[in-house]
Amino acid sequence: MSRNAKINTLLLLLVAALAVIPLALGLGDGKEEPFTGADAQAEAAITELKPDYEPWFAPLYEPPSGEVESALFALQAALGAGVLAYYFGVRKGRRQGAAQALAEAAEAGRTSPAPES
């Protein structure tokens, strides 16, 4: 197994462990919503500290349910990942094209006859 394959396998195992360990240890047990986001936790903390707090502005769009909100968040994440993958793909393609052009130029330089004086 190559060094890169070992590193990729190790990283994959680490990501899987980060997803499974909180569930296996029961870190969310006893809570109404065990794994809420930071926004919900901040809202709960603010409401607890200052119950009469009024937000400065309201959201432009309020999804009808939590499922729709999750779906929109997943769509946003997928679009962002697609844009990043496209950028890195184009960048790698340009780099490979430049390397190939240099190799072809070097090959053409070696096989061409020497200039006569």
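Before reading on, note that the structure itself is shown above.
Residues numbered from 1 in each chain as written. Predicted model: local features only at pLDDT ≥ 70, side-chain atom pairs only at ≥ 80, totals over all residues. Heavy atoms only, no water.

**Q** Requested: an account of the overall build of the protein, with residues and values cited.
**A** Per the secondary structure count, the protein includes 3 helices and 0 strands. In the protein, the succession of helices and strands from N to C terminus is α-α-α. (Helix = DSSP H or I, 4+ residues; strand = E, 2+ residues; numbered from the N terminus.)

**Q** Kindly report on helix H1 (residues 3-25), identifying the contributing residues and their values.
**A** Compared with the 33 Å implied by 1.5 Å per residue over 23 residues, the 32 Å span of H1 between its first and last C-alpha is a close match. After H1 finishes, the residue Gly26 shows a positive phi value of roughly 70 degrees. (Expected span 1.5 Å × (residues − 1).)

**Q** Explain the packing of aromatic side chains to me, using residue names and the numbers behind them.
**A** Summed over the entire model, instances satisfying the criterion amount to 1 aromatic pair. Relative to Phe88, the ring of Tyr87 lies with its centre 5.2 Å away and its plane at 65 degrees, an arrangement referred to as edge-to-face. For Phe88, a relative accessible area of 46% corresponds to the partly exposed category. (Phe/Tyr/Trp six-rings, centres within 6.5 Å; stacked < 30°, edge-to-face > 60°. Buried < 20%, exposed > 50% of the residue type's maximum accessible area, 1.4 Å probe, protein only.)

**Q** Account for a nonpolar patch on the surface, with residues named and values stated.
**A** On the surface, Leu60, Tyr61, Val68, Leu72, Leu75 and Leu79 cluster together to form a nonpolar patch covering roughly 670 Å² of accessible area. For Leu79, the location among the structural elements is in helix H3 (residues 66-111). (Patch = residues over 30% accessible without salt bridge, like charges linked within 9 Å, V, L, I, M, F, W, Y side chains within 5 Å. Areas by Shrake-Rupley, 256 points an atom, 1.4 Å probe, with all protein chains shown as cover. Salt bridge = Lys/Arg side-chain N within 4 Å of Asp/Glu carboxyl O.)

**Q** Which residues make up a negative patch on the surface, and what values go with them?
**A** Taken together, the side chains of Asp39, Glu43, Glu62 and Glu69 make up a negatively charged region of the molecular surface. Locating Glu69 in the fold gives a position in helix H3. (Lys, Arg positive; Asp, Glu negative; His and termini not counted. Charge placed at Lys NZ, Arg CZ, Asp CG, Glu CD.)

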